[in-house]
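# Observations on the model geometry
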Amino acid sequence: MNKVDHEGWMQDVSTPPPASRTAVRLRIASVVAAVLLIPGTVVAWVVSVSTEQGGRCLMHGGEYCGASAPGWVFTAALTAAFVAWCVVLFVPSRVRESERIRRAALWVQLAMEGLFLLLVVAAK
């Protein structure tokens, strides 16, 4: 509903309802998981390189490196995690099933980030 103020400007006086506590907690958990992906990736890479085969692959390359997942799998996991992160953050609260959507998207985000970290550990 719009209303004209005393200076003649239109103002929107219908403000959306505040986000529920559950929505805020899910958003915070999603942001924390996204931020922790960076140090998690570093730790996973160090674990991968600390093995005997990983060290030889890092130092000599070529024949010492085992097979790893193709690059598109890494990209697909990160893209899916990013899309799920955006869904958790940006689904409007006025959508009827917003809490269920956010919760499912958070689980997808966590699963895709876990898959990405497993792929980093497995890469040699």
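Right, let's walk through the structure included here. (Residues numbered from 1 in each chain as written. Predicted model: local features only at pLDDT ≥ 70, side-chain atom pairs only at ≥ 80, totals over all residues. Heavy atoms only, no water.)

## Re helix α1 (residues 21-49)
If you check α1, its first and last C-alpha atoms are 42 Å apart, about what 29 residues at 1.5 Å a residue would give, namely 42 Å. Helix geometry: α1 is bent most strongly at Leu37, by close to 35°, with proline Pro39 lying one to four residues after it. Taken together, the buried positions of α1 are Thr22, Ala23, Leu26, Ser30, Ala33, Leu37, Gly40, Ala44, Ser48 and Val49. Elements in contact with the buried residues of α1: α2 (52-60), α3 (71-90) and α4 (98-122). (Helix = DSSP H or I, 4+ residues; strand = E, 2+ residues; numbered from the N terminus. Expected span 1.5 Å × (residues − 1). Bend = angle between axes of the 7 residues up to and from the residue. Buried < 20%, exposed > 50% of the residue type's maximum accessible area, 1.4 Å probe, protein only. Contact = heavy atoms within 4.5 Å.)

## Quick notes on the packing of aromatic side chains
Counted by the stated rule, this structure contains two aromatic pairs. Both rings, one in Phe74 and one in Phe116, keep their centres 6.0 Å apart while their planes meet at 85°; by these two values the pair is edge-to-face. Of this pair, Phe74 sits in helix α3 while Phe116 sits in helix α4; the two residues are 42 residues apart in sequence, bridging distant segments of the chain. Here Phe116 falls in the buried class, since its relative accessible area comes to 10%. On the basis of an interplanar angle of 40° and a centroid distance of 5.8 Å, the ring pair of Phe82 and Trp85 is categorised as tilted. Taken as a pair, Phe82 and Trp85 lie in helix α3 at a separation of three residues, close to a single helical turn. Overall, Phe82 belongs to the partly exposed group, its relative accessible area being 48%. The partly exposed category is assigned to Trp85, whose relative accessible area is 24%. (Phe/Tyr/Trp six-rings, centres within 6.5 Å; stacked < 30°, edge-to-face > 60°.)

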